[in-house]
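Fold and geometry: a report
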Amino acid sequence: MPTTLVTGGAGFVGSHFCDLLLEKGHDVVCLDNFITGSRDNIAHITGSRFRFIEQDVTEPFSYDGPLDYVAHMASPASPPDYYAHPIVTLKCGSYGTHHTLELAREKNAVFLTTSTSEVYGDPHEHPQPETYWGNVNPIGPRSVYDEAKRYAEALITAYHRTHGMEVRIVRIFNTYGPRMRLNDGRAIPNFMHQALNGLDLTVYGDGTQTRSFCFVSDLVDGIYRLMTSSVNEPVNIGNPKEMTLLEMAQKILQVTGSQSKIFHKPLPEDDPKLRRPNINKARRLLNWEPRVDLETGLRATLDYFKQQMEPPKS
Ligand code: NAD
Ligand code: UDP
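Quick notes on the rules
Residues numbered from 1 in each chain as written. Chains lettered and ligands numbered in written order. Predicted model: local features only at pLDDT ≥ 70, side-chain atom pairs only at ≥ 80, totals over all residues. Near = placed C-beta within 6 Å. Helix = DSSP H or I, 4+ residues; strand = E, 2+ residues; numbered from the N terminus. Nonpolar A, V, L, I, M, F, W, Y, C, P; charged D, E, K, R; others polar. Pairing = 2+ DSSP bridges. Axes fitted to C-alpha atoms, helices over the stretch in contact; angles between N-to-C directions. Contact = placed C-beta atoms within 7 Å. Core = buried A, V, L, I, M, F, W, Y, C linked by C-beta atoms within 7 Å. Buried ≥ 20, exposed ≤ 12 C-beta atoms within 10 Å, placed from the backbone. Left-handed = near helix turned anticlockwise from the far one by under 90°. Expected span 1.5 Å × (residues − 1). Arc of directions from axis to C-beta. pLDDT = per-residue confidence, 0-100.

1. Topic: the site of ligand 1
The full set close to ligand 1 counts 30 residues, and G8, G11, F12, T36 and G37 are the nearest of them. For the shell around ligand 1, the secondary-structure elements that each account for two or more residues are α1 (12–23), α3 (86–107) and β5 (110–116). Broken down by class, the residue content of the shell around ligand 1 amounts to 13 nonpolar, 14 polar and three charged.

Pasting the structure below:
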């Protein structure tokens, strides 16, 4: 049985990835410090094939057992989270990547990291293929995240070239689903929280900016296919179905049946105007494409958020 270490495994994406790895027969070592994740996300996992280590990945650490894969997913990911933790975010991409790469090298393990569509910044090419180099403000408020991920990609590629290490870089586009924090500040949790509480939905700017939202089960399927492939270059994983944020707000009003209104707030600095993945590479090399339609994904997410809002049973 392969053993996989997952940093950030108590987060939204990481916990779904741990579930999938266990389903595929891996032993899983999950490492997290809960800065943006939660014990609740992994509380359902029991049994000796799962082990949890509470550890800050930006600090040096060692692991004794054998490892076949190291998946470095730990990093604040929501804009309000990385605005609140700018230096931790830079350290997750730099020190965190360095520590986990060295661990993978020592164990002769395949290394994977979760990069992001943010490496494309506010893109001048649309949709974005992996060959696009991006348009990132190196000192803007988003730079702590974008540049950390760009640095990580450069470091990983240098380890591949220098040490011949097997590396995987997944560039994730906006993903949603159960286990997102209701207050994590990203568009879908915000809109759902607001709709369920009869509050105005806060659309930033005029709402004409676009995103392409992928359901989390599709994402982790793509990550698993990439990890177990032999592709050492970045691959976009995302759902190419693009929509404006105003359309998303309206869709959430429909799905929740809420009577809430839409209220516009200022657009955050450097907020990308357009985002849509070109997924030809994932289709060709991984035989992957998303399967879950928006309505199904939003309903599953809504069920989860409703459960989260229920008062605890005494
Ligand atoms: P998340 O905040 O839910 O999960 C991140 C996890 O990493 C949390 O459990 C957190 O506690 C942990 N973590 C953060 N810093 C740590 C540290 N120093 N030491 C140990 N653990 C630490 O976010 P997510 O949406 O699940 O994102 C997971 C990964 O996927 C991140 O690397 C993120 O950049 C990437 N990603 C996500 C999306 C998306 O739409 N969700 C898009 C692009 C990239
Ligand atoms: N957004 C919004 N209202 C919110 C939260 C976000 O209009 O309450 C917008 C945000 O400005 C961006 C898009 O929704 O244009 C997606 O934001 P999110 O934080 O989900 O992800 P991002 O793509 O910015 O990382």
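2. Topic: the site of ligand 2
As a matter of local geometry, ligand 2 sits amid 15 residues, with R186, A187, N190, T202 and Y204 nearest to it. Counting residues per element, the ones that place at least two in the shell around ligand 2 are α5 (187–196) and β8 (201–204). Top element by residues in the shell around ligand 2 is β8. It accounts for three residues. Of the residues contributing to the shell around ligand 2, the split by class is seven nonpolar, five polar and three charged.

3. Things to note about the sheet that holds strand β2 (residues 27–32)
With parallel pairing, the seven strands of this open sheet are ordered in space as β3-β2-β1-β4-β5-β6-β11. What marks the edges here is a single partner per strand, and that holds for β3 (50–54) and β11 (234–237). The sheet shows a mean angle of 20° between the axes of neighbouring strands, direction not considered. Relative to β3, β2 runs parallel, the two sharing five bridges. What sits directly across from C30, in β3, is F52. Contacts from α3 reach β1 (3–7), β4 (69–72) and β5, with the element oriented near 175° to β4. Against the sheet, helix α6 (residues 216–227) makes contact with β4, β5, β6 (167–172) and β11, and its axis sits at roughly 160° relative to β6, the strand it touches most.

4. So, the nonpolar core
Ranked by size, the top nonpolar core spans 71 residues in total, and within it V6, F17, V70, A71, F111, F191 and I223 carry the most contacts. At seven residues, the largest contribution of residues to this core is made by α6. Ignoring sequence-local partners within four residues, the contact set of F111 consists of V70, T100, L101, A104, I156, M165, E166 and V167.

5. Re the packing of α1 against α6
Between two packed helices, what matters for the description is the angle formed by their axes and the separation of those axes. Their axes nearest at 10 Å, the elements α1 and α6 cross at an angle of 60°. For the pair α1 and α6, the sense of crossing is right-handed. Between α1, through V13, H16, F17 and L20, and α6, the contact on the second element is made entirely by V216, L219, V220, I223 and Y224. The residue makeup of the contact of α1 with α6, split by class, is eight nonpolar, one polar and no charged.

6. A short note on helix α9 (residues 294–309)
For α9, which comprises 16 residues, the first-to-last C-alpha distance of 22 Å matches the rise-based estimate of 22 Å (1.5 Å per residue) to within 8%. For α9, the full list of buried residues reads G297, L298 and T301. Axial view of α9: buried residues confined to an arc of 95°, hence all on one face. For α9, exposure combined with an orientation more than 90 degrees from the buried face picks out E295, T296, R299, D303, K306 and Q307. Buried residues in α9 make contact with β7 (175–176), α5, β10 (214–215) and α7 (245–256).

7. Observations concerning the confidence of the model for the protein
On average, residues of the protein carry a pLDDT of 97, and 100% of them reach 70 or more. ipTM for the predicted complex: 0.99, alongside a pTM of 0.98.

8. As for the environment of P66
With respect to the element layout, P66 can be found in the loop between β3 and β4. By the C-beta count within 10 Å, which is 11 here, P66 ends up exposed. Measuring from C-alpha to C-alpha, the distance between P66 and A109 comes to 8.7 Å, with 43 residues separating the pair along the chain. Apart from residues no more than four positions distant in its own chain, P66 is found in contact with T3 and K107.

9. Focus: the pairing of β5
In terms of residue burial, β5 counts as a mostly covered element, since seven of its seven residues are buried. Residues V110, L112, T114 and T116 of β5 are buried on one face, and the alternating residues F111, T113 and S115, pointing to the opposite face, are buried as well. Judged from the four bridges that link them, β4 and β5 form a sheet pairing that is parallel. Looking at the pairing, A71 lines up with L112 of β5. Alignment of β5 against β6, held across six bridges, turns out to be parallel. Paired with T113 across the bridge in β6 is I169.

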